[in-house]
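# Observations on the model geometry
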Amino acid sequence: MGAACQHDDHDHPGLRGQALTRALGAAEARCLETQERLTAPRRRVLELLLEADGPLKAYDLIAAFGEAGEPAKPPTVYRALEFLERLGFAHRIESLNAYVPCRIDGEGHQAAFLICDCCGAAQEFEPDLAPALAAAKAAGYDARSVTLEARGLCPACREA
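Residues numbered from 1 in each chain as written. Predicted model: local features only at pLDDT ≥ 70, side-chain atom pairs only at ≥ 80, totals over all residues. Heavy atoms only, no water.

The helix and strand inventory of the chain stands at 6 helices and 5 strands. Reading the helices (α) and strands (β) of the chain from amino to carboxyl end gives α-α-α-α-β-β-β-β-α-β-α. Relative to its length of 160 residues, the chain is compact, with a C-alpha radius of gyration of 17 Å against a globular reference of 15 Å. In terms of principal-axis extent, the alpha carbons of the chain reach across some 55 × 45 × 30 Å. Here the chain holds 160 residues, and 37% of them are scored as buried. Here the analysis covers contacts within the chain between residues at least 6 apart in sequence; of these, 54% occur between residues at least 24 apart. (Helix = DSSP H or I, 4+ residues; strand = E, 2+ residues; numbered from the N terminus. Rg over C-alpha atoms; globule rule 2.2 N^0.38 Å. Buried < 20%, exposed > 50% of the residue type's maximum accessible area, 1.4 Å probe, protein only. Contact = heavy atoms within 4.5 Å.)

Here it is, written out as structure tokens:
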């Protein structure tokens, strides 16, 4: 939670149980389709992101990496994050320097986030960026990715 958050009535849970198992299974299936490997370190980082109640910084992932509490070596986590971003399993939220799992099915969508300044939750949504991308193309620019971040208060923090 954010430093200013003084209440605990949030509904931003990570995945648990069968939902977590299904999400990891879907990631493995997509890796097989694309002939990529979801190695144990990549799977572990994805699992941590999926279980998290909000965005995680790389050093949070490093600290939580080992099943028995032992930290990972930083290159292991950074390489896994690079892989997960490349395949669309995770997104980096630039303003937080943190990572979240992709919550939108399908590949190649533009990432957009609503970020709560109080509790730190980040909700992914799919914006209509077609006009902006068309304008970029008309200007001769080849936009390869767009990340939109909107900051404010989530419903729970706004009501508190």
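This structure, assessed with the given rule, holds 6 salt bridges. Ionic pairing is found between R151 and D117, a salt bridge with its closest N-O pair at 2.7 Å. Of this pair, R151 sits in strand β5 (residues 147-152) while D117 sits in the loop between β3 (111-116) and β4 (122-125), placing them 34 residues apart in sequence. Given a relative accessible area of 42%, D117 falls into the partly exposed group. (Salt bridge = Lys/Arg side-chain N within 4 Å of Asp/Glu carboxyl O.)

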